[in-house]
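# Structure at a glance
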Amino acid sequence: MSAEPVKFAYWVPNVSGGLVTSRIEQRTDWGYDYNRELAVLAENNGFEYALTQVRYMAGYGAEFQHESTSFSLALLLATQRLKVIAAVHPGLWHPGVLAKLGATADHLSNGRFAVNVVSGWFKGEFTALGEPWLEHDERYRRSAEFIQALRQIWTEDHTELAGDFYRVRDFSLKPKPLNTPERPHPEIFQGGNSTAARAMAGRVSDWYFSNGKDFDGVVEQIADVAASAAQVGRRAPKFGLNGFLIARDTEAEARETLREIVANADREAVEGFGAAVKQAGQSAGDGKGMWQDSTFEDLVQYNDGFRTGLIGTPEQIAERIVAYKRLGVDLLLLGFLHYHEEVEYFGRRVLPLVRELEAQLPESEPQSVAVHA
């Protein structure tokens with residue numbers, strides 16, 4: 001368990017349709033004006049990070065999308081403290097080009113730029129753009145090489161890399177990103193629940209993002225990623241967990257909101273998304289890719305956010321967040337139904353309770369605390 005307070009990030013709604021694939025009213029907008037106001041609101045209500053989504057084509061309820069890196073830079077320039085994580089796809093980016101963009105964004109934001117390397121599940125985006133669609137484990141091997149190149153370009157001169165996917169010859173980036181006491185280069189996040197993703201995280205990433213999980217799932221993933229890091233003599237990456245948060249004054253209100261979200265689900269879009277992601281996950285070498293055990297209800301929130309169980313009163317949610325922290329979760333990546341109102345409610349009602357409970361934790365506690373869902 002980290003001695004640092006648990007950190008909070010939010011999914012940037014830069015993609016239309018909100019964070020649930022449902023026809024329920026969502027007072028959330030994908031446009032810039034809404035998101036600029038949201039970013040300022042979030043950094044003033046306890047959020048340290050924001051994650052922009054990456055989609056290139058319409059589908060599964062997301063008809064319109066703003067590109068992630070440019071949108072991230074706009075949010076960085078609109079805020080003072082918020083760190084913004086831009087999601088990017090290896091295969092659609094060259095690491096040297098992204099390194100250049102990232103260095104500029106880092107200077108313009110005084111060291112607040114970060115990236116989330118997404119190995120990809122949406123085959124249609126790659127084939128529509130004329131890019132090859134690699135098999136599951138090869139996509140993660142490419143992502144690992146992408147991160148290797150990115151980190152080297154950001155921290156060294158005269159980068160040389162003759163990889164299976166990328167070639168870099170005597171490339172020196174100037175200026176490099178900021179090197180601060182907090183981090184030597186922009187933080188590198190990655191997601192993915194598969195065996196290949198966990199192994200990759202341990203070898204190369206600064207942060208590992210998990211889809212929504214209960215306590216047992218978190219314990220398993222943290223152990224796997226730590227074991228992978230130990231095999232190569234690295235310190236394990238920090239652990240981020242996805243969750244969709246529904247905080248209401250009563251548990252009954254929160255549960256009713258969840259019921260309404262699922263009852264109004266866009267069935268065609270959810271089932272289409274489920275078919276696409278399960279095909280991608282089943283192609284993993286051992287068949288243990290993301291979303292393999294996700295139910296229809298889980299997929300209504302497309303990163304299994306309901307499974308984390310952050311649904312109830314502020315007191316119930318705060319207790320659950322701190323229970324996750326005791327297991328080794330360093331960051332909660334949150335989605336909301338009505339962002340402006342609920343981010344403010346989180347900062348006013350939930351976050352103070354989290355900090356009170358954290359202050360009561362013992363200074364030293366084994367990470368493998370037995371907690372059951």
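Residues numbered from 1 in each chain as written. Predicted model: local features only at pLDDT ≥ 70, side-chain atom pairs only at ≥ 80, totals over all residues. Heavy atoms only, no water.

## Overview of the side chain of Asn116
Tracing the backbone through its elements, the reader meets Asn116 in strand β4 (residues 113–117). Note on Asn116: relative accessible area 7%, which makes it buried. Engagement of the side chain of Asn116 in a polar contact is seen with the backbone nitrogen of Gln190, the distance being 3.3 Å. Discounting chain neighbours no more than four positions away, the residues touching Asn116 are Leu51, Ile85, Ala86, Ala87, Val88, Phe189, Gln190, Gly191 and Phe209. (Helix = DSSP H or I, 4+ residues; strand = E, 2+ residues; numbered from the N terminus. Buried < 20%, exposed > 50% of the residue type's maximum accessible area, 1.4 Å probe, protein only. Polar contact = N/O pair within 3.5 Å; in protein donor to acceptor, adjacent residues only side chain to side chain. Contact = heavy atoms within 4.5 Å.)

## Thoughts on the sheet that holds strand β2 (residues 49–52)
Read around the closed barrel, eight strands run β1-β2-β3-β4-β7-β8-β9-β12, paired in parallel fashion. Across the sheet, the mean angle separating the axes of adjacent strands is 25° when strand polarity is ignored. As defined by bridge partners, β4 adjoins strand β7 (residues 188–190) across three bridges and the pair is classed as parallel. In the strand pairing of β7, Val115 is matched with Ile188. Packing against the sheet, helix α3 (residues 95–108) makes contact with β3 (83–88) and β4, and its axis sits at approximately 150° to β4. (Pairing = 2+ DSSP bridges. Axes fitted to C-alpha atoms, helices over the stretch in contact; angles between N-to-C directions.)

## Some thoughts on the packing of helix α1 (residues 32–43) against helix α12 (residues 339–359)
Contact geometry for α1 and α12: axes closest at 10 Å, N-to-C directions at 5°. Here α1 is positioned roughly parallel relative to α12, judged by the angle of their axes. Of α12, the residues touching α1 (which contributes Tyr34, Glu37, Leu38, Leu41 and Ala42) are Tyr339, His340, Val343 and Glu344. Looking at the contact of α1 with α12 residue by residue, the class counts come to six nonpolar, one polar and two charged. (Parallel < 35°, antiparallel > 145°, perpendicular 65-115°, else oblique. Nonpolar A, V, L, I, M, F, W, Y, C, P; charged D, E, K, R; others polar.)

## Examining unusual backbone geometry
A cis geometry characterises the amide bond from Lys174 onward to Pro175, with omega recorded as 0°. By the element assignment, Pro175 lies in the loop between β6 (167–171) and β7. Even without being glycine, Asn110 reaches a positive phi, approximately 60°. With respect to the helices, strands and loops of the structure, Asn110 is situated in the loop between α3 and β4. For Asp170, which is not a glycine, the phi torsion comes out positive at approximately 45°. Looking at the secondary structure, you find Asp170 in strand β6.

## What to know about the confidence of the model for the chain
Here the chain averages 92 in pLDDT, while 93% of its residues score no lower than 70. In the model, residues 366–373 has pLDDT below 50 throughout and makes 17 contacts with residues more than four positions away in sequence or in other chains. (pLDDT = per-residue confidence, 0-100.)

## Focus: the pairing of strand β1 (residues 7–12)
Along β1, six of the six residues are buried, which leaves the element largely enclosed by surrounding structure. Of the strand pairs in this sheet, β1 and strand β12 (residues 331–335) are connected by four bridges, and their pairing is parallel. Bridging across to β12, Ala9 finds its partner in Leu333. The pairing of β1 with β2 spans four bridges and is classified as parallel. The residue bridging Tyr10 from the neighbouring strand is Ala50, located in β2. Following the chain from β1 across α1 to the adjacent parallel β2, one finds a crossover that is right-handed. (Right-handed = clockwise from strand over helix to strand, strands pointing away.)

## Quick word on the nonpolar core
Counting residues in each nonpolar core, the largest one holds 103 residues, and the members touching the most others are Phe8, Tyr10, Phe47, Ile321 and Phe346. If you tally residues by element for this core, the top one is helix α5 (residues 136–155), at eight residues. Setting aside its immediate chain neighbours within four residues, Phe346 contacts Phe8, Asn45, Phe47, Leu245, Ile321, Leu334, Phe336, Leu351 and Pro352. (Core = buried A, V, L, I, M, F, W, Y, C linked by side-chain atoms within 4.5 Å.)

## Digging into the packing of α5 against helix α6 (residues 195–204)
Packed helices, taken two at a time, are described by the angle their axes make and the gap between the axes. α6 packs onto α5 with a crossing angle of 15° between their chain directions and a minimal axis gap of 10 Å. Classed by the angle they form, the pair α5 and α6 counts as roughly parallel. Considering how the two elements wind past one another, α5 and α6 form a crossing that is right-handed. Each of His136, Asp137, Tyr140, Ser143, Ala144, Ile147 and Arg151 in α5 lies in contact with α6, whose residues at this interface are Ala196, Ala197, Met200, Arg203 and Val204. Residues of the contact of α5 with α6, tallied by class, amount to seven nonpolar, two polar and three charged. (Left-handed = near helix turned anticlockwise from the far one by under 90°.)

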